[in-house]
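Given next are the chains, with one letter for each unit.
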Amino acid sequence: MSAETADTAEPTPERTTDGADAADRRREQRGWYFYDFACSVYSTSVLTVFLGPYLTSVAKAAADADGFVHPLGVPVRAGSLFAYAVSMSVVVAVVVMPIVGAAADRTGRKKPLLGAAAYVGAAATTGMFFLDGHRYLLGAFLLIVANASISVSMVLYNAYLPQIAEPDERDAVSSRGWAFGYTSGALVLVLNLVLYTGHDSFGLSESDAVRICLASAGVWWGAFTVVPLRRLRDRRAAPGGEGAVGSGWRQLIATLRDMRRHPLTLSFLLAYLVYNDGIQTVISQASVYGSEELGLDQTSLITAVLLVQVLAVAGALGMGRLARVYGAKRTILASLVVWTLILVAGYFLPSDAPVFFYLLASAIGLVLGGSQALSRSLFSHLVPRGKEAEYFSAYEMSDRGLSWLGPLVFGLAYQLTGSYRDAIISLVIFFAIGSVLLARVPVRQAVAAAGNPVPERI
């Protein structure tokens, strides 16, 4: 699809990305970075740090004598509720994301759909202020809504990348987006740490401080979403498309059929589905593992995640530079080896020893941003033109949408064994299988098969 530069209110004549004015492209890129700046606070403060341990404590307070809660009459171990809620949010996202991606490509209106998804998620996150007492069902519901919303919004956000960046600059642009996100995550975590550790001096209980930290992430998400909504531009859709509302499911089926014409793109998606499932599960369950298995307090967890955020900025930019020398595929494969070593080390971490947890957090930070940023930019080369949002909906299923298996395995492992160490080591298989699958993908051939120019180094 030619990247037709058109404002939503007043379309302009068709203009391809190659002919776009460089200053306009840079302006859009800077606006694009700010959505990472806006929504990454949810991923960091809510999903990674506060909500897991806090929702687990609320569920335990409501549990019966055997440690089970009973949502809709189903017995669930309180310690598994958070992981199961994450999995359920993914199921919701799987249903919605392909339809939204098809609607964006058919109508050319990514921006209003991005805004709608962002503000639904921000509102649900802000509503977490009311999560107290025994309201574990409210917490699980808001988590499902917020997590599904960020998944949908990321479909649309990622679909802009092929339109605002030339092929040879996508690794750098994608890495800068992740760096912006980790910068905002670090900044807000510093504020969270001040509020949480000093809650007594502010006249707040520990629960009040956590709920304010959760809600503030929603406010931040909504406030900074204004920047990309002002700077990103909608592209006019190709003529002849049906209305997306009536054809969403038909378009989903058509997209899946079309993907069969690009088996190498599908091969990369399969590999990404597997190894990223492991990454997402480590991110979402790390704070529960630290608090429940290693006996670390909330301050230690916040400090560790803050360390991840700071080092992830350097890691994302550094791995972007490595990709320019060795190629994105080789750099990602090296990061997956590091991820495997991280899980093995995590299994043997001693309890009540935050220093070792900090060392592990440092290793996570150095590979986290780069492995995700380079995966996104690599996939952008494998997308046929005119199908960016549709294909990125499939990518986002792999990123968030189909990443239900990892949390489910983690939750089941704990439910069956009662050991978070057994749960964490079970994730090694995702990185092992993902590495093998990725190594088998001929990426240069895949780029050419998608009809895109092959970069000098990929």
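Residues numbered from 1 in each chain as written. Predicted model: local features only at pLDDT ≥ 70, side-chain atom pairs only at ≥ 80, totals over all residues. Heavy atoms only, no water.

1. So, the pattern of salt bridges
Any two side chains of opposite charge can pair, on the condition that their charged atoms come close.
Logical step 1: Applying the stated rule across the entire model yields nine salt bridges.
Logical step 2: The residue Arg 26 makes a salt bridge to Glu 169 at a minimum N-O spacing of 3.4 Å. Of this pair, Arg 26 sits in helix α1 (residues 22-62) while Glu 169 sits in the loop between α5 (161-164) and α6 (170-197), and the two are 143 residues apart along the sequence.
Logical step 3: Look at Arg 26 and you get partly exposed, because its relative accessible area is 35%. (Salt bridge = Lys/Arg side-chain N within 4 Å of Asp/Glu carboxyl O. Helix = DSSP H or I, 4+ residues; strand = E, 2+ residues; numbered from the N terminus. Buried < 20%, exposed > 50% of the residue type's maximum accessible area, 1.4 Å probe, protein only.)

2. Quick look at the packing of aromatic side chains
Logical step 1: Tallied over the full model, the rule gives 20 aromatic pairs.
Logical step 2: With a centroid separation of 4.4 Å and an interplanar angle of 15°, the aromatic rings of Trp 32 and Tyr 157 are classed as stacked. Of the two residues, Trp 32 sits in helix α1 while Tyr 157 sits in helix α4 (residues 136-159), which places them 125 residues apart along the sequence.
Logical step 3: The class of Trp 32 is buried, set by a relative accessible area of 0%.
Logical step 4: A network of ring pairs unites the aromatic residues Trp 32, Tyr 33, Phe 34, Tyr 35, Phe 37, Tyr 157, Phe 180, Trp 220 and Phe 224 as a single cluster.
Logical step 5: The ring of Tyr 160 has Lys 110 lying over it, and the distance from NZ or CZ to the ring centre is 5.7 Å. (Phe/Tyr/Trp six-rings, centres within 6.5 Å; stacked < 30°, edge-to-face > 60°. Lys NZ or Arg CZ within 6 Å of the ring centre and 35° of its normal.)

3. Overview of the confidence of the model for the chain
Logical step 1: When pLDDT is averaged across the chain, the result is 84; 89% of the residues are at 70 or more.
Logical step 2: For residues 1-20, every residue scores under 50 in pLDDT, and the model assigns this stretch 46 contacts once sequence neighbours within four places are set aside.
Logical step 3: The low-confidence segment residues 240-248 (pLDDT under 50) makes ten contacts with residues lying over four places distant or belonging to another chain. (pLDDT = per-residue confidence, 0-100. Contact = heavy atoms within 4.5 Å.)

4. Remarks on the packing of α1 against helix α11 (residues 298-326)
Logical step 1: Across the interface, α1 lies against α11 with an axial gap of 11 Å and an inter-helix angle of 160°. Relative to α11, the element α1 is oriented roughly antiparallel. The crossing of α1 and α11 is right-handed. The residues of α11 that touch α1, namely those facing Thr 44, Thr 48, Val 49, Phe 50 and Pro 53, are Gln 298, Leu 301, Ile 302, Val 305 and Gln 309.
Logical step 2: Within the contact of α1 with α11, the residues separate by chemical class into six nonpolar, four polar and no charged. (Axes fitted to C-alpha atoms, helices over the stretch in contact; angles between N-to-C directions. Parallel < 35°, antiparallel > 145°, perpendicular 65-115°, else oblique. Left-handed = near helix turned anticlockwise from the far one by under 90°. Nonpolar A, V, L, I, M, F, W, Y, C, P; charged D, E, K, R; others polar.)

5. Looking at unusual backbone geometry
Logical step 1: A positive phi angle, close to 55°, is found at Leu 72, a residue other than glycine.
Logical step 2: Inspection of the secondary structure puts Leu 72 in the loop between β1 (68-69) and β2 (76-77).
Logical step 3: Under the relative-accessibility criterion, Leu 72 is labelled exposed at 86%.
Logical step 4: Of note in the backbone geometry, Asp 352 takes a positive phi value of approximately 55° without being a glycine.
Logical step 5: Note on placement: Asp 352 falls in the loop between α12 (328-347) and α13 (354-380).

6. Remarks on α4
Logical step 1: For α4, spanning 24 residues, the distance from its first C-alpha to its last is 35 Å, which sits close to the expected 34 Å at 1.5 Å a residue.
Logical step 2: Most of α4 is tucked away, with 20 of its 24 residues classed as buried. (Expected span 1.5 Å × (residues − 1).)

7. Some words on a nonpolar patch on the surface
Logical step 1: Among the surface-exposed residues, Met 88, Val 91, Val 92, Val 95 and Val 96 lie close enough to one another that they form a single nonpolar patch of about 360 Å² accessible area.
Logical step 2: With a relative accessible area of 44%, Met 88 lands in the partly exposed category. (Patch = residues over 30% accessible without salt bridge, like charges linked within 9 Å, V, L, I, M, F, W, Y side chains within 5 Å. Areas by Shrake-Rupley, 256 points an atom, 1.4 Å probe, with all protein chains shown as cover.)

8. Side note on the environment of Tyr 54
Logical step 1: Locating Tyr 54 in the fold gives a position in helix α1.
Logical step 2: When its relative accessible area of 10% is taken as the criterion, Tyr 54 is described as buried.
Logical step 3: Separated by 157 residues in the primary sequence, Tyr 54 and Arg 211 have C-alpha atoms spaced 9.0 Å apart.
Logical step 4: Dropping the residues within four chain positions of it, Tyr 54 is found in contact with Leu 131, Asp 132, Ser 207, Val 210, Arg 211 and Leu 214.
Logical step 5: At a separation of 2.8 Å, a polar atom in the side chain of Tyr 54 contacts the main-chain carbonyl oxygen of Leu 131. (Polar contact = N/O pair within 3.5 Å; in protein donor to acceptor, adjacent residues only side chain to side chain.)

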